Amino acid sequence: MKKVNLNLRMFLLMFSLCVLVTSCNNSDDNDSQTSKISVRMTDAPGDYDEVNVEVLDVKIKSNADTNEEGWVSIGNIKPGIYNLLDLTGGVNVLLADNEVPSGNLGQIRLILGEHNTVVKDGVTYPLKTPSAQQSGLKLKVNQTLTAGATYDFLLDFDVEHSVVVEAGNSGGFNLHPVIRVSTNATSGIIKGIITPFTFQSVVSVQVGDTTVSAYTNESGAFQLNGIPAGTYSVTITPAASSELPALVVPNVVVVNGQISNMNTLVLQ
């Protein structure tokens, strides 16, 4: 009886350890999922010669909380002084692009420097940022980022309504930014499972002049990330040792920001 109890305890201990390890591994997999984002800036015309804005950093936050916690820099920043009036008629400038954790993106924050100016009738004036905005311009996004997809965020300044003259005819100008944020998912994902999965297969699609490919894992699963919207033929090439022919699946439709699931494909 003691031996049975001991065996039962050992079984329960091993089972608990397996559950813990599996849970940790799954958590790691979820935490490691990323999406690629880019942040660009453009402008609507205004009645000025120049409106120069110094951009120092672009930060993001996963939620819409108003506190100062949770902000992180996107990284790969292109800091500089940008004349907003150069960014009209469909022209935009890339401020930052990088891989970021997938999931909810609550806010984007634009960090401005002190070298902001406005030029009117050939005269240059300092462009002051109100104290309430000196910590950065917070822009609500509330966008769910799908793992493996690519998103473009466009910050559209409205200079006509953003730059104002201070009260009292002081001649100084304040920047009260009016910015609209739009999101454009610029790629999708193709995923599925290849069976039998006793050997690896290579899954590939042709995107213009580039071949995008991925290997199947030990369960036969694959995922092709960053595929622009369109209709593709997906080629599955099994390992030569399997002696199975390649399989070509035509008319696989990819939609930006979405996952195209091919489900289970059988090689025979």
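Treat the numbers as computed from the prediction; the structure is a model and nothing was measured.

**Digging into the side chain of N83**
Okay, so step 1: Within the element layout of this structure, N83 appears in strand β4 (residues 80–83).
Okay, so step 2: By relative accessible area, N83 is classed as buried at 12%.
Okay, so step 3: Within polar-contact distance, the side chain of N83 engages the backbone nitrogen of V51 at 3.1 Å.

**Observations concerning the sheet that holds strand β13 (residues 179–185)**
Okay, so step 1: Across the sheet, 4 strands lie side by side as β5-β1-β10-β13; this open sheet has mixed pairing. Sheet topology places β5 (93–101) and β13 at the edges, where each strand pairs with a single neighbour. Adjacent strand axes in the sheet meet at a mean angle of 20°, parallel and antiparallel pairs treated alike.
Okay, so step 2: Bridge count between strand β1 (residues 34–44) and strand β10 (residues 150–158): 9 bridges; the pairing is parallel. Across the sheet, residue I37 finds its bridge partner in β10, namely Y151.

**Side note on the environment of N116**
Okay, so step 1: Within the fold, N116 resides in the loop between β6 (103–112) and β7 (117–120).
Okay, so step 2: Expressed as a C-alpha distance, the spacing of N116 and L175, which sit 59 residues apart in the sequence, is 8.9 Å.
Okay, so step 3: Only 2.8 Å separates the side chain of N116 from the backbone oxygen of G113, close enough to count as a polar contact.

Basis of the calculations
- Residues numbered from 1 in each chain as written.
- Predicted model: local features only at pLDDT ≥ 70, side-chain atom pairs only at ≥ 80, totals over all residues.
- Heavy atoms only, no water.
- Helix = DSSP H or I, 4+ residues; strand = E, 2+ residues; numbered from the N terminus.
- Buried < 20%, exposed > 50% of the residue type's maximum accessible area, 1.4 Å probe, protein only.
- Polar contact = N/O pair within 3.5 Å; in protein donor to acceptor, adjacent residues only side chain to side chain.
- Pairing = 2+ DSSP bridges.
- Axes fitted to C-alpha atoms, helices over the stretch in contact; angles between N-to-C directions.

The values reported here are purely geometric and, on their own, carry no functional implication.
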